[in-house]
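This is what each chain is made of:
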Amino acid sequence: MTWYIELDKAARTLVDYILRVRKGEDVLIYGDDANDEAVLKATASAVYAAGATPTIVITETRRQSFAEPPKPLAAAMMDADVAVEFSVKAILYTKAQINALRRNRAYICLTSLDREAMVRTIAWVDYPKMVEFGEKLAELTTNAKEVRVTSPSGTDFSAKIGGRLFENYGSTADKRKIIMLGGQTGGSPLEDTENGVLAFDGNVWPPDEIKSNIRTPIRFKVEKGVIKEISGGVEADILKRYLAEFNDPNMYRIAHFCYGYHPMARQTGDIAEVERVWGCFQVGFGRQGPLLRPDLKGELGWDAASHDDGIILKASIWLDGEPVQKDGKFVHPELLKILDEWGISQ
């Protein structure tokens, strides 16, 4: 399997459209030795074609995600104009990455993306329309006062937005510095207003032992933004043991939530893709990085030993009592207009 023709298109879309790489820039492309090297090399070729200087750095694969990178990589991150992360064990939210963002013009997290997923999620989608959809979803949520979420798996969760800014994380470098794979809009509501039950049935990662292998939903009881109880089956037991090993109460704090709306995303278990499955509701807990709180101007909301994310499938979401999506399908009139132009059939 090579995908070299399609991968070239994906890499050029990434470099030219998403990152807006400029002639003469230094672009760092990094991963670990668990990565599909083809995506790093294709991105480097596209950077070179854009008149910029590509540098590839490959490190060992750490056992723990969201751990500080090796010092040579941290130094290289500081000297890059643009940084592209493919690491299977993500470096997002680390101190090294936060420090580098003060120097970088743009950064994108594409953790664990392999060549097939990169082609499918970047080359085979109308990226401008997906960006437009995400901007509208961010606008609707930012302007709302309250959000409520339910799901067939047992979710019933609510929070107040409180004037916090929600953003299209999958936008382009002319609009934002920190970029994620397209198909995700999110933010952090007022933490002490977050209450209810979250029932993850799509994915939880880390640890690797769970990912999309969820037979019994993992249920969180949340009170004032803090996870008070975790229940379910064997998967819930694995997660409880994993979180307990950190001995860090901040690992039980809800950090953010996101909508998923990538038409080509699959429930693969790889977090960069599964967080964007159409109609999902994604919740992060643990460290609240700068991406999640733009009002803090590049600072952490709070530190924690690590960060974790869970996915709820076929979510129903209301903003101030008005339905935005129902059973994983978007229903808001302003969103339906964009979907019609986009040619998306839910």
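For the structure, check the block above.
Residues numbered from 1 in each chain as written. Predicted model: local features only at pLDDT ≥ 70, side-chain atom pairs only at ≥ 80, totals over all residues. Heavy atoms only, no water.

Draft legend 1. Main features of the overall build of the protein chain. Counting secondary structure elements, the protein chain contains 9 helices and 19 strands. For the protein chain, whose C-alpha radius of gyration is 19 Å, the value lies close to the compact-globule estimate of 20 Å for 346 residues. Each principal axis of the C-alpha distribution contributes one length, and for the protein chain these read about 50 × 50 × 40 Å. Just so you have it, the protein chain exposes about 13,700 Å², and 50% of that area is on carbon and sulfur atoms. (Helix = DSSP H or I, 4+ residues; strand = E, 2+ residues; numbered from the N terminus. Rg over C-alpha atoms; globule rule 2.2 N^0.38 Å. Areas by Shrake-Rupley, 256 points an atom, 1.4 Å probe, with all protein chains shown as cover.)

Draft legend 2. Main features of empty space enclosed by the protein. Under the criterion given, the structure shown has 2 cavities of 30 Å³ or more. As for the largest cavity, its lining consists of 21 residues, and the residues nearest its centre are L92, Y93, M180, E275 and D309. The set of elements that each furnish at least two residues to the lining of the largest cavity consists of β14 (254-260), α8 (271-274) and β16 (302-312). A class-by-class count of the residues in the lining of the largest cavity yields 13 nonpolar, 5 polar and 3 charged. Space inside the second largest cavity adds up to approximately 100 Å³. With 3 residues, the single largest contributor to the lining of the second largest cavity is strand β1 (residues 26-32). (1 Å grid on protein atoms, 1.4 Å probe; cavity = no way out; pocket = protein on both sides within 12 Å on 5 of 7 lines; lining within 4 Å. Points joined across faces, edges and corners; volume = space filled by probe spheres on them. Nonpolar A, V, L, I, M, F, W, Y, C, P; charged D, E, K, R; others polar.)

Draft legend 3. Spotlight on helix α1 (residues 4-18). The first and last C-alpha atoms of α1 sit 20 Å apart over 15 residues, in line with the 21 Å expected at 1.5 Å per residue. Along α1, the residues classified as buried are L7, A10, A11, T13, L14, V15 and I18. If you follow the buried residues of α1, they end up packed against α2 (37-49), β3 (82-85), β4 (106-109), α5 (115-123), α6 (127-142) and β8 (178-180). In the stretch just after α1, R20 is the one whose phi turns positive, near 50°. (Expected span 1.5 Å × (residues − 1). Buried < 20%, exposed > 50% of the residue type's maximum accessible area, 1.4 Å probe, protein only. Contact = heavy atoms within 4.5 Å.)

Draft legend 4. Focus on the environment of N213. Within the fold, N213 resides in the loop between β11 (203-205) and β12 (218-223). For N213, a relative accessible area of 52% translates into the label exposed.

Draft legend 5. α2, seen in detail. Here α2 is 13 residues long and its end C-alpha atoms lie 19 Å apart, about the 18 Å a rise of 1.5 Å per residue gives. The elements touched by buried residues of α2 are α1, β1, β2 (53-59) and α5. G51 occupies a position one or two residues after α2 and carries a positive phi of about 85°.

Draft legend 6. Spatial organisation of the pattern of salt bridges. Counted by the stated rule, this structure contains 31 salt bridges. One salt bridge connects R120 with E116, and the closest N-O pair in it is separated by 2.8 Å. In this pair, R120 and E116 are both assigned in helix α5, 4 residues apart and thus about one turn of the helix distant. A single burial state applies to R120 and to E116, both of which are buried. Where salt bridges share partners, they join E116, R120, R266 and E273 into one cluster. (Salt bridge = Lys/Arg side-chain N within 4 Å of Asp/Glu carboxyl O.)

Draft legend 7. Structural detail: the sheet that holds β8. An order of β2-β1-β3-β4-β8 is seen for the 5 strands of this open sheet, with the pairing classed as parallel. Each of the sheet's edge strands pairs with one partner strand only, and the pair in question is β2 and β8. Along the sheet, successive strands turn relative to each other by an average axial angle of 15°, direction set aside. Pairing analysis gives 4 bridges linking β3 to β4, with the strands arranged parallel. Paired with A83 across the strands is Y107, a residue of β4. Relative to the sheet, α2 contacts β1 and β2, its axis offset from that of β2 by approximately 165°. (Pairing = 2+ DSSP bridges. Axes fitted to C-alpha atoms, helices over the stretch in contact; angles between N-to-C directions.)

Draft legend 8. Local environment of the environment of Y252. Tracing the backbone shows Y252 in the loop between α7 (234-244) and β14. A C-alpha to C-alpha distance of 9.9 Å links Y252 and G284, two positions 32 residues apart in sequence. Here Y252 is in contact with G225, V226, I227, I230, K240, L243 and A244, once residues within four sequence places are set aside.

Draft legend 9. Region of the structure containing the side chain of R293. Within the secondary structure, R293 sits in the loop between β15 (281-288) and β16. Under the relative-accessibility criterion, R293 is labelled buried at 10%. A polar contact of 3.4 Å, which involves the side chain of R293, links it to the side chain of Q288. With near-sequence residues (within four places) excluded, R293 lies in contact with R164, S188, E191 and Q288. (Polar contact = N/O pair within 3.5 Å; in protein donor to acceptor, adjacent residues only side chain to side chain.)

Draft legend 10. Layout of the sheet that holds β15. Reading across from one edge, β7-β9-β14-β15-β16-β11 is the order of the 6 strands in this open sheet, with antiparallel pairing throughout. Of all strands in the sheet, those with a lone pairing partner are β7 (167-168) and β11, marking the two edges. Two strands pair when backbone bridges link them, and β11 and β16 are joined in this way by 3 bridges, in the antiparallel orientation. Looking at the pairing, V204 lines up with G310 of β16.

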